[in-house]
Amino acid sequence: SERSLWSLSILGGAPQKLVDDVWGAAVSPDGSLIAFGRFDFELGNWDTWLVSANGEGPRKFLHSSQPNQHYGWPVWSPNGQRLFYLHSFGNWNTREFTSRSIESCDLSGENVTTAFSTKAHVQYLCGAPEGRIFFGMQDEAHGEDKLNLWEIKVDAATGRHLTEPRRLTQLSGFNW
C-alpha cells in the first residue's frame, strides 16, 4: 500500500498531499522541514529524505551507497540543528542485520556522530525535547526476543551520548 504525507490546517480547508512513499516522518522543531524514510527499490535500501513543510523540494538527504545499507527513523534534535537516525547494515526482508547504530549529522549531512551502536535489533526512534531518544530494542544476544523500550540522552549540539542506553520496560509478550 502507498504511504503518503499530508498536511491539514487546523483552520479548515482541504488536506494537501505533500509527498508519496513516506515512512517514519518527523517535523523539524521550527516546522520548516520534514524528514522521512523512503525505500530505494533499485538498491533495496532505505534512504532518509527532506522536504519543505509545504511539500516543495523533496531531496535525498542520507543515501545508501551500497546494498543492505539503510538510513531510517529520523528524529530532530531539540534545536533543529542535527538529525538523528538509525543506520543499519543487513537484509531488510529477512531482518538479518550485522550492525545497527543511532547516529546524527548536521543539516549539511556532515559531522556524523554515533550515539549508540549494537548488533541487536533496534527500531522506532522517537525524540524528546530534553535531548532524550527513545527506541525499541530486541536484544537477541542475551536470549531476549521481545521488543522493549529504551532511552539514551544525547547532546543536541554534537550528537554524542551523555548517558548509556537505559532499558525502560521489561515486556514479556510484545514483539515486532
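Draft legend 1. Molecular detail of the packing of aromatic side chains. Taken as a whole and judged by the stated rule, the model has eight aromatic pairs. Here Tyr 71 and Tyr 85 contribute two aromatic rings whose centre-to-centre distance is 5.6 Å and whose plane-to-plane angle is 65 degrees, an arrangement assigned as edge-to-face. With Tyr 71 in strand 7 (residues 69-76) and Tyr 85 in strand 8 (residues 82-91), this pair connects stretches of sequence that are 14 residues apart. Each member of the pair Tyr 71 and Tyr 85 is classed as buried. One cation-aromatic arrangement involves Arg 38 over Trp 49; the distance from NZ or CZ to the ring centre is 4.4 Å.

Draft legend 2. Quick look at the sheet that holds strand 11 (residues 121-127). The four strands are arranged 11-12-13-14 in an open sheet whose pairing can be described as antiparallel. Edge positions in the open sheet fall to strand 11 and strand 14 (166-167), since each of these has one partner strand only. In this sheet, strand 13 (residues 147-153) lies alongside strand 12 (residues 132-138) in antiparallel orientation, the contact comprising seven bridges. Its bridge partner lying in strand 13, Phe 134 is registered against Glu 151.

Rules used throughout
Residues numbered from 1 in each chain as written. Predicted model: local features only at pLDDT ≥ 70, side-chain atom pairs only at ≥ 80, totals over all residues. Heavy atoms only, no water. Phe/Tyr/Trp six-rings, centres within 6.5 Å; stacked < 30°, edge-to-face > 60°. Helix = DSSP H or I, 4+ residues; strand = E, 2+ residues; numbered from the N terminus. Buried < 20%, exposed > 50% of the residue type's maximum accessible area, 1.4 Å probe, protein only. Lys NZ or Arg CZ within 6 Å of the ring centre and 35° of its normal. Pairing = 2+ DSSP bridges.

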